[in-house]
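Structural characterization, general
What follows is each chain in one-letter form.
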Amino acid sequence: MTPDPIQRPGPNVDASAVSPAASPVARFRGILESSGGGARGRRLLVLTHHGPDPDAIGACEGIRFLCSEVLGFEARVATVGRIHRAENLAMVRALDLDFATYGEIDAGEFFGSVLVDTQPEFGHTFLPRDIPVLAVFDHHVPPGDTAEVPPLEVAHRDVRLNTGATSSIVYEYLRDSGVELPERVATALFCGVRYDTADLSRNASALDEEAYHATFRCADRSLVTAIDHPPLPPVYYSELSRALTVARQHEALALALLGEISHPEFAAEMADFFLRMKGCSWVVVGGAVAAEREYVLSLRTDRHFGNAYPLMARVLDGAGTFGGHGHIAGARIPLEDMGESMISSVERRLRRNALAVSGKSEAGELPSEGRPLG
Ligand SMILES: [Mn+2]
């Protein structure tokens with residue numbers, strides 16, 4: 001099935017039949033029941049954003065369990081694109097999660113879909129043709145006027161901006177349904193809460209705290225550790241070596257434009273890594289990804305430097321698409337080809353813009369070389 005971000009059927013449910021006073025899980029159950037699809041033996045499809053992170057993976061598994069084992073609607077998780085980052089891959093493998101590949105899904109088998117850790121209006125989320133979106137569970141700021149597509153009517157939309165992880169929201173549904181958490185589901189949800197809140201040190205609400213402790217009590221602790229220290233492929237070390245060589249420090253800015261990289265998450269991981277360097281307040285890391293024919297860019301700021309989102313807008317200066325919240329932003333610039341001259345012209349422009357933002361050179365002027373790290 002071809003991903004289609006534009007054509008989206010509306011939900012075929014009567015939301016007015018569900019009492020607004022009911023608990024979120026009771027309302028969600030009511031929406032699924034009034035859609036009538038389960039009665040015809042069809043299933044629910046659980047989807048998340050491109051390149052799912054631990055919170056997305058944990059929330060997918062939690063919702064799958066809730067629907068299949070508690071609410072009585074068989075559910076299947078499908079992901080778009082390969083999962084590359086070692087921690088995320090380790091989570092799927094160590095927990096033996098049964099995730100299908102989006103492209104292999106037969107739409108006819110499903111009566112509805114559920115989106116977790118994202119919203120239909122986000123650019124990095126593909127929606128299937130012919131499968132209505134019945135529910136959305138997320139904690140990101142809705143795109144509002146910046147959305148590429150108009151808002152979709154969704155019968156059950158639970159978006160909580162003050163919650164640190166979607167996995168915490170899913171935990172609440174499971175808690176309220178009174179079910180005991182199996183070890184595997186608890187471990188998946190725990191990893192989701194721990195990585196999105198950095199062990200409750202970032203954006204953590206009372207619900208995140210409760211979810212973190214309650215899921216940890218039921219989790220497999222050896223798997224939690226294994227997921228945190230996954231085996232790394234040899235290419236990881238060669239790319240790390242290149243990143244260390246290529247990175248330059250321009251006072252508070254660490255800048256590393258890496259040419260071709262094996263997967264987008266590597267840029268994000270290096271951005272986090274360089275931000276830990278003393279004296280560095282913001283980081284821009286980028287690389288071209290052949291599989292997606294895109295130049296991906298990750299920007300990070302430390303807690304005093306300000307928001308990542310407006311900085312990313314200035315670094316891109318109109319190129320590509322981007323998003324972000326707080327101290328994190330990411331961007332994608334489509335590439336006509338993967339040739340060296342195409343990649344280096346994109347990198348020249350990004351370097352010049354980043355240095356202009358840091359006040360090191362005016363746009364148009366030849367950028368300074370900076371100095372190697374350390
Ligand atoms: Mn999340």
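As the structure is a prediction and not an experimental result, all values here were calculated from the model. (Residues numbered from 1 in each chain as written. Predicted model: local features only at pLDDT ≥ 70, side-chain atom pairs only at ≥ 80, totals over all residues. Heavy atoms only, no water.)

1. Examining the sheet that holds strand S1 (residues 43–47)
The 6 strands lie next to each other as S3-S2-S1-S4-S5-S6, forming an open sheet whose pairing is parallel. Whereas interior strands pair on both sides, the edge strands pair on one side only; in this sheet they are strand S3 (99–101) and strand S6 (156–159). If you compare each strand with its neighbour and ignore which way they point, the axes differ by 25° on average. Sheet topology note: the S1/strand S2 (residues 75–79) ladder contains 4 bridges and is parallel. Within the sheet, the bridge partner assigned to Leu45 lies in S2 and is Arg76. (Pairing = 2+ DSSP bridges. Helix = DSSP H or I, 4+ residues; strand = E, 2+ residues; numbered from the N terminus. Axes fitted to C-alpha atoms, helices over the stretch in contact; angles between N-to-C directions.)

2. A look at the pairing of strand S8 (residues 253–261)
Most of S8 is tucked away: 8 of the 9 residues are buried. With 3 bridges connecting them, strand S7 (residues 248–250) and S8 associate as antiparallel partners. Each bridged residue has a counterpart across the sheet, and for His250 the counterpart in S8 is Leu253. Hairpin geometry of S7 and S8 is characterised by an intervening segment of 2 residues between the two adjacent antiparallel strands and by a positive phi of about 50° at Glu251. Relative to strand S9 (residues 282–289), S8 is paired through 7 bridges, and the arrangement is parallel. What sits directly across from Glu260, in S9, is Ala288. (Buried < 20%, exposed > 50% of the residue type's maximum accessible area, 1.4 Å probe, protein only.)

3. A few points about the domain arrangement of the chain
The figure often quoted for interface size is the accessible area lost as the parts come together. Here the domain parsing of the chain yields domain 1 (15–228) and domain 2 (235–366). Here domain 1 and domain 2 have C-alpha centroids that lie 30 Å from each other. If you look at the interface, domain 1 gives 6 residues, while domain 2 gives 10 residues. Of the roughly 740 Å² buried between domain 1 and domain 2, counting both surfaces, carbon and sulfur atoms make up 49%. Area buried by domain 1 at its contact with domain 2 is led by His50, His84 and Arg85, which between them contribute 60% of it. For the interface between domain 1 and domain 2, the tally reads 1 salt bridge. Measuring nitrogen to oxygen at the nearest pair gives 3.6 Å for the salt bridge that ties Arg85 to Glu269. Counting across the domain 1 and domain 2 interface gives 0 residue pairs in polar contact (both at pLDDT 80 or more). Looking at the side of domain 1 that touches domain 2 residue by residue, the classes come out as no nonpolar, 4 polar and 2 charged. (Domains from an automatic or database assignment. Contact = heavy atoms within 4.5 Å. Buried area = accessible area lost by both parts, 1.4 Å probe. Salt bridge = Lys/Arg side-chain N within 4 Å of Asp/Glu carboxyl O. Polar contact = N/O pair within 3.5 Å; in protein donor to acceptor, adjacent residues only side chain to side chain. Nonpolar A, V, L, I, M, F, W, Y, C, P; charged D, E, K, R; others polar.)

4. Examining the sheet that holds S9
Spatial ordering of the open sheet is given by S11-S12-S10-S9-S8-S7-S13, a layout of 7 strands whose pairing is mixed. Bordering the open sheet on either side are strand S11 (321–325) and strand S13 (371–372), each of which pairs with just one other strand. Alignment of S11 against strand S12 (residues 328–334), held across 5 bridges, turns out to be antiparallel. Across the sheet, residue Thr321 finds its bridge partner in S12, namely Arg332. Strands S9, strand S10 (294–301), S11 and S12 of the sheet are contacted by helix H10 (residues 308–316), whose axis makes an angle of about 140° with S10. Against the sheet, helix H11 (residues 340–357) touches S7, S8, S9, S10 and S12, its axis set at about 170° to S8.

5. Some words on the pattern of salt bridges
Under the definition given, this model contains 16 salt bridges. Where Arg43 meets Glu109, a salt bridge forms, and the shortest distance between an N and an O atom there is 2.5 Å. Residue Arg43 is found in strand S1, and its partner Glu109 is found in the loop between S3 and strand S4 (110–116); the two are separated by 66 residues along the sequence. We note a salt bridge from Arg194 to Asp199, for which the minimum N-O separation is 3.1 Å. Residue Asp199 is classed as partly exposed on the basis of its relative accessible area, which comes to 36%. Here the residues in one salt-bridge network are Arg43, Glu74 and Glu109, joined through shared partners.

6. Things to note about the nonpolar core
Taken as a class, soluble globular proteins show a tendency for nonpolar side chains to be buried jointly. Judged by nonpolar contacts, the single largest core of 51 residues is most densely connected at Phe28, Leu44 and Ile63. When residues of this core are assigned to their parent elements, the largest contribution, 8 residues, is made by helix H2 (residues 54–71). Ignoring sequence-local partners within four residues, the contact set of Phe28 consists of Leu66, Cys67, Leu71, Val114, Ala135, Phe137, His156 and Tyr173. Residues Val284, Leu311, Ala319 and Val357 belong to the second largest nonpolar core, which totals 26 residues. (Core = buried A, V, L, I, M, F, W, Y, C linked by side-chain atoms within 4.5 Å.)

7. Structural notes on unusual backbone geometry
The phi angle at Asp117 is positive, at roughly 60°, despite the residue not being glycine. Along the polypeptide, Asp117 turns up in the loop between S4 and strand S5 (133–138).

8. Observations concerning the environment of Arg157
Inspection of the secondary structure assignment puts Arg157 in strand S6. Judged by relative accessible area, Arg157 falls into the partly exposed class, the value being 34%. Separated by 200 residues in sequence, Arg157 and Val357 have C-alpha atoms that sit 38 Å apart. The residues contacting Arg157, other than those within four sequence positions of it, are Gln119, Pro120, Glu121, Val136 and Leu152.

9. Considering the coordination of the manganese ion
Summarising the metal site, the manganese ion is bound by the protein donors Asp55 (OD), Asp117 (OD), His139 (NE2) and Asp196 (OD), whose distances to it range over 2.1 to 2.3 Å. We classify Asp117 as buried; its relative accessible area is 1%. Residue classification places His139 among the buried residues on the basis of a relative accessible area of 10%. (Donors = N, O, S within 2.8 Å, 3.2 Å for Na, K, Ca; no water.)

10. A word on the packing of H2 against helix H3 (residues 86–94)
Viewed as axis vectors pointing N to C, H2 and H3 meet at an angle of 20°, and their least axial separation amounts to 9 Å. Regarding the angle of H2 to H3, the classification is roughly parallel. Considering only the axes of H2 and H3, their crossing is right-handed. Each of Pro54, Ile57 and Gly58 in H2 lies in contact with H3, whose residues at this interface are Asn88, Met91 and Val92. By residue class, the composition of the contact of H2 with H3 is 4 nonpolar, 2 polar and no charged. (Parallel < 35°, antiparallel > 145°, perpendicular 65-115°, else oblique. Left-handed = near helix turned anticlockwise from the far one by under 90°.)

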